[in-house]
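# Topology and contacts: notes
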Amino acid sequence: MVLLILGLIAVATTRRAWPAFADEGMRFFTTTRWAPNAEVFGSLPFVYGTVVTAVIALVLAVPVSVGIALFLSDVAPRRLRRPVSSLVDLLAAIPSVVYGLWGVIVLAPWITGVYDRISDITSPVPVLSTLFAGPSTGRGLFTAGIILALMVTPIITSITREVFDTVPAMAKEAAYALGSTRWEMIRAAVFPHSRAGMIGAVMLGLGRAMGETIAAALVIGSSARITAQLFGSGDSMAAVIANEFGESGGLHRAALIGLGVELFALTILVNVIARVIIARGRRHA
Amino acid sequence: MYRKSARFTGPFAALVAVAMLAVGCGGADDTPTASTDNTSAGAAATGQPRLSATLNGSGATFPKSFYEVAIAGYQKVQPGVTVNYAGGGSGTGRQNLQDGVVDYAGSDGLVKAADVPKYKGEFLYIPTVSAPITVSYNLGDVKDLTLDADTIAKIFQRQIKKWDDPAISALNPGTRLPATDITVAHRSDGSGTTENFTLYLVAAAPNTWTLKSGATVEWPADTQAGNGNQGVAQIVKGTAGAIGYVDLSDAKASGLQFAKVKNKAGKAVVPSVASTTAALDGAEVKADLSYNPLNAAGDGAYPITAPTWILVYKNQTDRAKGEALKSFLRYMVTDAQKLAEDIDYAPLPKSLQEKTISQIDSIFVPTP
């Protein structure tokens, strides 16, 4: 049933995107110039922006989420667990447009100063000086990554916490009996047992980060370019669809739907990879 | 994990089914739900026959606040007619009219010749209001600033990067301009405002402006993008040295300062309802009532004036809907025009208004 729906969505969108695919051919996927008023549509900058912001989000969110989950499952006193985990779950209930507005009104103006400081500090270092080059406006790939990290943290946290809860008490106590400290116990008993589940959680978070639309559209800066400057503005696939769809027509609209098809394919790819990793992890465990 | 995800698919599939159901219901809306109330047809309080229908529209967001005021006013005259206007952008409105899912579409731009055959028959342009697009800036105590098309083009293309550039100074003798860096703000979303602003630059600065026109253009990378007129206004307000194009009502609401712009006659004009009406007076109106008030002639004309239209099919197929549509459009271009000025839209000048009324009268409605 679900497969049928997914299949129908894929067919319907591809058909409406076909004029753009036919007009641009492979250039749609391989070129970097996106100029609706010249009817040139290269989607690569948006793929790049989507991947970069999602990666930033995961780099920020995964350690925090795993940390919170461990705290809740193995460290926190029992009476603290429920309130803290419902607080984290509450983060997931905030509508994404609220995150986006907070990002553009509160975070972006404030974080400009932080970015400028970081780019001052890193300016003598060869690679970092490019990554963190200024000046920044506060709206850009990294800010979008931060907002996305906030949005995926509750997802990754609640799933990893449940996975950690399934670790058999016996395995934990065996580790303690061998004289492990708490951290050694976590490394020896909790992590190996939960690897597949953790990867699954991260992949769910990744899917959320790649598909997030309105929050990204508000803070990402909206310029169709591939840049190594993480503090600079970029654009993501979902964001450009949200921004340009209303005023589009003809080939432009087809190209935007084409972006949707591409994003769809990309998320399916990520999910398949995740399944493969999980399946392999299961075999080893 | 697997058991968990299997449990999740149930509600998910249900959700999809509900969403599809909702779409199905939406589609059913274009079958006429309207009926003319024949029994009570007669003299209403206004002396017009009482109508009963539901009219759906979508499209340009630029005139949306005027349309909302007009719809609220019309509801008092014809309580039996429900009028909806969904916004969504000019492109969406035109697409919806092509697909026949709306009764009228708002559009800031004209239909491209290549797209005309896609419509389900002949359609008409109904001019409604127009409004100026301001060039708003944030420059501390510089309260009075004059710009011309060439300079605006160079600023937005990042060829002029400082406020004390000789080109700006030459237009503002006697004004002390600071050496502040210019920050350019533009729309991140596709917009009829962007389209009209760039169309103006194409018309008025043909030798300088190279980015062409469109709802989305390729701005230089070192510019800033904001969502909607409010988003651009927010950047301008929050950034010293910023400049951006914002419609008049949002510029006023955000307390922005805006530049006088030199028009075709070489006069520096402040954006206002009066200077916009002057631009409409100076614009050449074609037989189909399409007109271009951008860079219009006339001493008092503000050059960056954006037009907007409602598109409707000339041949209506449903009597009740057709009658209601004509009556609503007539209200929009007559009584509602008085409401426009309060919210910073310019009403149609007399001559254009008369032509528009006869255009509305030419809409064909089937007799029972």
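Residues numbered from 1 in each chain as written. Chains lettered and ligands numbered in written order. Predicted model: local features only at pLDDT ≥ 70, side-chain atom pairs only at ≥ 80, totals over all residues. Heavy atoms only, no water.

## Description of the domain arrangement of chain B
Residue and element names in this part refer to chain B. Let me state the cut-off plainly: Where each domain starts and ends follows an automatic or database-derived domain assignment. Here, residues are in contact when the closest pair of their heavy atoms is within 4.5 Å. Defined in terms of a 1.4 Å probe, buried area is the accessible area two parts forfeit on being brought together, summed over both. Think of a salt bridge as a Lys or Arg side-chain nitrogen and an Asp or Glu carboxyl oxygen that are within 4 Å of each other.
Domain annotation for chain B reports domain 1 (4-130 + 308-361) and domain 2 (132-281). At the junction of the two partners, domain 1 supplies 11 residues and domain 2 supplies 13 residues. A buried area of about 1,100 Å², summed over both sides, lies between domain 1 and domain 2, and 61% of it is on carbon and sulfur atoms. Linking domain 1 with domain 2 are one salt bridge. Here K252 and D344 are joined by a salt bridge, their closest N and O atoms 3.0 Å apart.

## Topic: the nonpolar core
To keep it simple, the criterion reads: Take the buried Ala, Val, Leu, Ile, Met, Phe, Trp, Tyr and Cys residues and link them wherever side-chain atoms come within 4.5 Å; each set so joined is a nonpolar core. Three exposure classes are used, based on accessible area relative to the maximum for each residue type with a 1.4 Å probe and protein chains only: buried under 20%, partly exposed in between, and exposed over 50%. Helix and strand definitions here come from DSSP, where helices need a minimum of 4 consecutive H or I residues and strands a minimum of 2 consecutive E residues; each element is numbered from the N-terminal end.
In this structure, Y104(B), F156(B) and I243(B) are the most contacted members of the largest nonpolar core, which totals 83 residues. Broken down by element, the residue count for this core peaks at nine residues, all from strand 4 (residues 123-137) of chain B. Two domains each put at least three residues into this core: domain 1 (4-130 + 308-361) and domain 2 (132-281) of chain B. Excluding its chain neighbours within four sequence positions, the residues that come into contact with F156(B) are V135(B), V184(B), A185(B), F197(B), W209(B), W219(B), P220(B), I243(B), G244(B) and Y245(B). One finds A61(A), V152(A), V163(A) and F231(A) within the second-largest nonpolar core, a separate group that totals 41 residues.

## A word on the environment of N138(B)
Residues and elements named next belong to chain B. Heads up, the rule is: Pairing of N or O atoms within 3.5 Å defines a polar contact, subject to two protein rules: one partner must be a possible hydrogen donor and the other a possible acceptor, and residues neighboring in sequence count only if both atoms are side-chain atoms.
Within the secondary structure, N138 is located in the loop between strand 4 and strand 5 (146-147). Here N138 falls in the buried class, since its relative accessible area comes to 19%. As a C-alpha pair, N138 and A296 span 158 residues in sequence and 27 Å in three-dimensional space. N138 has contacts with V236, K237, G238, T239, A240, G241 and A242, leaving out every residue within four places of it along the chain. A distance of 3.1 Å separates the side chain of N138 from the backbone oxygen of K237, its partner in a polar contact.

## Description of the UniProt feature "domain: ABC transmembrane type-1" (unreviewed entry) in chain A
This is how it is decided: UniProt positions are given in the numbering used here, feature names are shortened, and annotations may be inferred rather than shown by experiment.
When the UniProt feature table is mapped to this numbering, "domain: ABC transmembrane type-1" (unreviewed entry) covers residues 47-274 of chain A. A helix fraction of 79% and a strand fraction of 0% characterise residues 47-274 of chain A, whose end C-alpha atoms lie 19 Å from each other.

## Regarding the UniProt feature "transmembrane region" (unreviewed entry) in chain A
Residues and elements named next belong to chain A. UniProt records the feature "transmembrane region" (unreviewed entry) at residues 46-72, 84-111, 131-152, 213-234 and 254-278, using the numbering of this structure. Across residues 213-234, helical content stands at 27% and strand content at 0%; the span's end C-alpha atoms are separated by 14 Å. The span residues 254-278 is 100% helix and 0% strand, and its two end C-alpha atoms sit 36 Å from each other.

## Some details on the interface of chain B and chain A
In this complex, chain B contributes 31 residues to the contact, which on the side of chain A involves 33 residues. Taken together, the two surfaces of chain B and chain A that pack against each other cover about 2,600 Å², and 50% of this comes from carbon and sulfur. Taking the shortest distance from any N to any O, the salt bridge between E218(B) and R33(A) comes out at 2.8 Å. Applying the counting criterion to the chain B and chain A interface returns 10 residue pairs in polar contact (both at pLDDT 80 or more). Elements with a minimum of two residues in the side of chain B that touches chain A: helix 1 (2-28), helix 3 (90-99), strand 7 (224-226) and helix 7 (228-238) of chain B. Looking at which element gives the most residues to the side of chain B that touches chain A, the answer is helix 1 of chain B, with five residues.

## A closer look at the pattern of salt bridges
Residues and elements named next belong to chain B. For the structure shown, the criterion picks out 15 salt bridges over all chains. Salt-bridge contacts for D144 lead to K260; the nearest nitrogen and oxygen are separated by 3.5 Å. Linking D144 in the loop between strand 4 and strand 5 with K260 in strand 10 (residues 260-262), this pair joins segments that are 116 residues apart in sequence. Look at D144 and you get partly exposed, because its relative accessible area is 43%.

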